[in-house]
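# Fold and geometry: a report
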Amino acid sequence: MADTSPQTGDRALTRREVAAMIDHTLLAPGATAADVAATIDEARELGVYAVCLSPSMLPVRAPGLVVATVAGFPSGKHHSLIKGSEARLAVEQGAAEVDMVIDVGAALAQDYNAVLADIVTVREAVGRDTVLKVIIESAALPDPTIAEVCRTAERAGADFVKTSTGFHPAGGADVRAVRIMADTVGGRLGVKASGGIRTAEFAAELIAAGATRLGMSASRAVLQGFPE
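Anyway, here's the lowdown on the structure attached to this text. No experiment lies behind these values; they were computed from the predicted model shown.

## Remarks on the overall build of the protein
- For the protein, the helix and strand inventory stands at nine helices and ten strands.
- On C-alpha atoms alone, the protein measures out to a radius of gyration of 17 Å, which is about the 17 Å that the 2.2 N^0.38 rule sets for 228 residues.
- Dimensions of the protein along its principal axes, counting C-alpha atoms only, are 55 × 40 × 30 Å.
- A buried classification covers 52% of the 228 residues belonging to the protein.
- Counted over contacts in the protein with a minimum sequence separation of 6, partners at least 24 positions apart contribute 68%.
- Surface accessibility of the protein: about 9900 Å² in total, with carbon and sulfur atoms responsible for 52%.

Structure below.
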């Protein structure tokens, strides 16, 4: 019988391998402290890499997990200094990774200097020891702009480029955008796919396209689709 497990290349991905790529995420506006505690417990049970929480929910106790948070979320229309201050406070409260949202309007206007300055402000605020992921809202951008924003993020010192907040009406991650992002950064930066990842098959497609990190809240359902 043929192996129907989700694959990348010619090899089936294992549940452990995929779990090691997941930021288990809780960014819902209505999330409570009890929800955060439950999310951390689930993340530890599933063996994922990190838990990603709203900055207002920090600090948290999450032994065995990397703590990630967001800045300028979800619109990106915060002043750069506010994004930087928010990110720095989160790091002081235990976040090791920050996912910042760019000003999507600046990207659409092809004002890449503004995008660069925005990212540099946050990079300088959190220092080099913090992993900085740059959310570009790829579903809202034309393909050439996706590539140029990724190049800009690299110039600004980002560690990852990330597809989506999951809150933009244009949509979340897709395979085409991930492939463009991965081709542009060429392995020099990580690529995080997020927004709408609810099945193992879709997760495997994104990984095959070049995603090195996955952000999702449906981690349990996705991981159950991969073999142990």
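## Quick look at the sheet that holds strand S4 (residues 50–53)
- One closed barrel holds the eight strands; their spatial order is S3-S4-S5-S6-S7-S8-S9-S10, and the pairing between them is parallel. Going across the sheet, the axis of each strand differs from the next one's by a mean of 25°, ignoring polarity.
- Pairing of S4 with strand S5 (residues 66–71), which is carried by four bridges, proceeds in the parallel orientation. Bridge pairing in S5 links Leu53 to Thr69.
- Relative to strand S3 (residues 22–26), helix H2 (residues 33–46) is tilted by about 160°, and along the sheet it contacts S3 and S4.
- Strands strand S6 (97–101) and strand S7 (131–135) of the sheet are contacted by helix H5 (residues 112–126), whose axis makes an angle of about 160° with S6.

## Thoughts on the environment of Ala114
- By the secondary structure assignment, Ala114 is in helix H5.
- The partly exposed category is assigned to Ala114, whose relative accessible area is 32%.
- Taking the C-alpha atoms as reference points, Ala114 and Arg176, separated by 62 residues in sequence, lie 26 Å from one another.

## Things to note about the nonpolar core
- Ile102, Ile119, Ile136, Ile197, Leu206 and Leu214 are the most contacted members of the largest nonpolar core, which totals 71 residues.
- Of all hydrophobic cores here, the second largest spans seven residues; its members include Leu27, Val70, Phe73 and Ile135.

## Here we look at the pairing of S4
- Going residue by residue along S4, you find Ala50 and Cys52 tucked away on one face and Val51 and Leu53 tucked away on the opposite face as well.
- When S3 meets S4, the two strands line up parallel, connected through four bridges. By the bridge assignment, Leu26 is partnered in S4 with Leu53.
- With H2 bridging S3 and its parallel neighbour S4, the resulting β-α-β unit is right-handed.

## Examining the side chain of Lys83
- Checked against the element boundaries, Lys83 lands in helix H3 (residues 80–92).
- Among the residues examined, Lys83 registers a relative accessible area of 1% and is labelled buried.

## Some points on the environment of Pro227
- Within the secondary structure layout, Pro227 lies in the segment after helix H9 (219–223).
- C-alpha of Pro227 to C-alpha of Arg15: the two residues are 212 residues apart in sequence and 5.6 Å apart in space.

The rules we used
- Residues numbered from 1 in each chain as written.
- Predicted model: local features only at pLDDT ≥ 70, side-chain atom pairs only at ≥ 80, totals over all residues.
- Heavy atoms only, no water.
- Helix = DSSP H or I, 4+ residues; strand = E, 2+ residues; numbered from the N terminus.
- Rg over C-alpha atoms; globule rule 2.2 N^0.38 Å.
- Buried < 20%, exposed > 50% of the residue type's maximum accessible area, 1.4 Å probe, protein only.
- Contact = heavy atoms within 4.5 Å.
- Areas by Shrake-Rupley, 256 points an atom, 1.4 Å probe, with all protein chains shown as cover.
- Pairing = 2+ DSSP bridges.
- Axes fitted to C-alpha atoms, helices over the stretch in contact; angles between N-to-C directions.
- Core = buried A, V, L, I, M, F, W, Y, C linked by side-chain atoms within 4.5 Å.
- Right-handed = clockwise from strand over helix to strand, strands pointing away.

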